[in-house]
Amino acid sequence: MKNWYLSKDPTERIIILFIGVIIVLALFYLLVWSPISISHNRNLSQLESKRQLLSWMERTSIEINQLQNSSPAGRAQSGPLLSTVDSTIKSSGLAQTMKRLEPQGNDKVQIWFENTGFDALILWLGTLANQHQIQVDSINIDRQPEAGKVNARLVLIKASS
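About the thresholds
Residues numbered from 1 in each chain as written. Predicted model: local features only at pLDDT ≥ 70, side-chain atom pairs only at ≥ 80, totals over all residues. Heavy atoms only, no water. Helix = DSSP H or I, 4+ residues; strand = E, 2+ residues; numbered from the N terminus. Rg over C-alpha atoms; globule rule 2.2 N^0.38 Å. Buried < 20%, exposed > 50% of the residue type's maximum accessible area, 1.4 Å probe, protein only. Areas by Shrake-Rupley, 256 points an atom, 1.4 Å probe, with all protein chains shown as cover. Lys, Arg positive; Asp, Glu negative; His and termini not counted. Charge placed at Lys NZ, Arg CZ, Asp CG, Glu CD. Core = buried A, V, L, I, M, F, W, Y, C linked by side-chain atoms within 4.5 Å. Contact = heavy atoms within 4.5 Å. Axes fitted to C-alpha atoms, helices over the stretch in contact; angles between N-to-C directions. Parallel < 35°, antiparallel > 145°, perpendicular 65-115°, else oblique. Left-handed = near helix turned anticlockwise from the far one by under 90°. Nonpolar A, V, L, I, M, F, W, Y, C, P; charged D, E, K, R; others polar. Pairing = 2+ DSSP bridges. Phe/Tyr/Trp six-rings, centres within 6.5 Å; stacked < 30°, edge-to-face > 60°. Expected span 1.5 Å × (residues − 1).

**Regarding the overall build of the protein chain**
Line of reasoning, step 1. The helix and strand tally for the protein chain stands at 4 helices and 4 strands.
Line of reasoning, step 2. Taken from N to C terminus, the helices and strands of the protein chain fall in the order α-α-α-β-β-α-β-β.
Line of reasoning, step 3. For 161 residues, the compact-globule estimate of 2.2 N^0.38 gives 15 Å, and the C-alpha radius of gyration of the protein chain, at 31 Å, exceeds that figure by more than 25%.
Line of reasoning, step 4. Along the longest, intermediate and shortest principal axes, the C-alpha atoms of the protein chain span 100 × 30 × 25 Å.
Line of reasoning, step 5. In the protein chain, which comprises 161 residues, the proportion classed as buried is 20%.
Line of reasoning, step 6. Surface accessibility of the protein chain: about 11,300 Å² in total, with carbon and sulfur atoms responsible for 58%.
Line of reasoning, step 7. In the protein chain, which carries 16 positive and 13 negative side-chain charges, the distance between the mean positions of the two groups comes to 4 Å.

So, in structure tokens, the structure goes:
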């Protein structure tokens, strides 16, 4: 290769060298710079999306705290846990997204919701806590592609008197 290069006259060598530099720069752009740039832009987009979600969650948290503080606490429970939970689900409009409701003894109920409104779910949980002294024992919430919609699995218990 070196002999071939040296056999060319000086003008051809400069042209070959110039083309070689252009090829090296093009390969650098295609194999290094472009993938890094695309990844950086994708990460910036994801970061902005997560910041918006965090902002929404903080605003919702403030609203929930205000609702909890403004609701009268300490009212007596209105009947057995399962019937109270079932009737409040129906009155809150969550019945159509509830997939399962299972009692776990006398003091626990497990509930599954699919594609339900997050705000409605949180308001319903606040109502249970404030008006019926029913607390969340465990909760798993999965965000759905549609804004404000979640899948949730909850275990509710009667609050201790």
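**Examining the nonpolar core**
In a soluble, globular protein the nonpolar side chains are often hidden away together inside.
Line of reasoning, step 1. Ile111, Phe113, Leu121, Trp124 and Leu156 are the most contacted members of the largest nonpolar core, which has 18 residues in total.
Line of reasoning, step 2. The set of elements that each furnish at least two residues to this core consists of helix H3 (81–92), strand S2 (108–117), helix H4 (118–132) and strand S4 (149–158).
Line of reasoning, step 3. Those residues in contact with Leu121 that lie beyond four places of it in its chain are Leu94, Phe113, Val150, Ala152 and Leu154.

**Focus: the packing of H3 against H4**
Line of reasoning, step 1. Here H3 crosses H4 at 135°, and the two axes come no closer than 11 Å. Accordingly, the angle class assigned to the pair H3 and H4 is oblique. For the pair H3 and H4, the crossing hand works out as right-handed. Two secondary-structure elements touch here, H3 through Thr84, Val85, Thr88, Ile89 and Ser92 and H4 through Trp124, Leu128 and His132.
Line of reasoning, step 2. Of the residues in the contact of H3 with H4, the class split is 4 nonpolar, 4 polar and no charged.

**Points about the sheet that holds strand S3 (residues 134–143)**
Line of reasoning, step 1. Strand order across the open sheet formed by 4 strands is S1-S2-S4-S3, with antiparallel pairing between neighbours. Looking at the sheet topology across the chains shown, the edges are occupied by strand S1 (98–103) and S3. The mean angle between the axes of side-by-side strands here comes to 15°, regardless of whether they run parallel or antiparallel.
Line of reasoning, step 2. In this sheet, S2 lies alongside S1 in antiparallel orientation, the contact comprising 5 bridges. Bridging across to S2, Met98 finds its partner in Phe113.
Line of reasoning, step 3. Lying over the sheet, H3 contacts S1, S2, S3 and S4, oriented at roughly 15° with respect to S2.
Line of reasoning, step 4. Across the sheet, H4 is in contact with S2, S3 and S4; its angle to S4 comes to roughly 10°.

**A closer look at the packing of aromatic side chains**
Line of reasoning, step 1. The full count for this structure, using the stated rule, is 2 aromatic pairs.
Line of reasoning, step 2. For the ring pair Trp56 and Phe118, a centre distance of 5.2 Å and an interplane angle of 55° mean the geometry is tilted. With a gap of 62 residues between them, Trp56 in helix H2 (residues 10–70) and Phe118 in helix H4 connect regions that are remote in the sequence.
Line of reasoning, step 3. The class for Trp56 is partly exposed, based on a relative accessible area of 26%.
Line of reasoning, step 4. An angle of 70° between the planes, with centres 5.7 Å apart, marks the rings of Phe113 and Trp124 as edge-to-face.

**Here's the deal with H4**
Line of reasoning, step 1. End to end, H4 covers 20 Å across 15 residues, agreeing with the expected 21 Å (1.5 Å per residue, within 8%).
Line of reasoning, step 2. Considered for burial, the residues of H4 that qualify are Phe118, Leu121, Ile122, Trp124, Leu125, Gly126, Leu128, Asn130 and His132.
Line of reasoning, step 3. Tucked into the core, H4 has its buried residues touching H2, H3, S2, S3 and S4.
Line of reasoning, step 4. Downstream of H4 by a residue or two, Gln133 has a phi angle that is positive, lying close to 55°.

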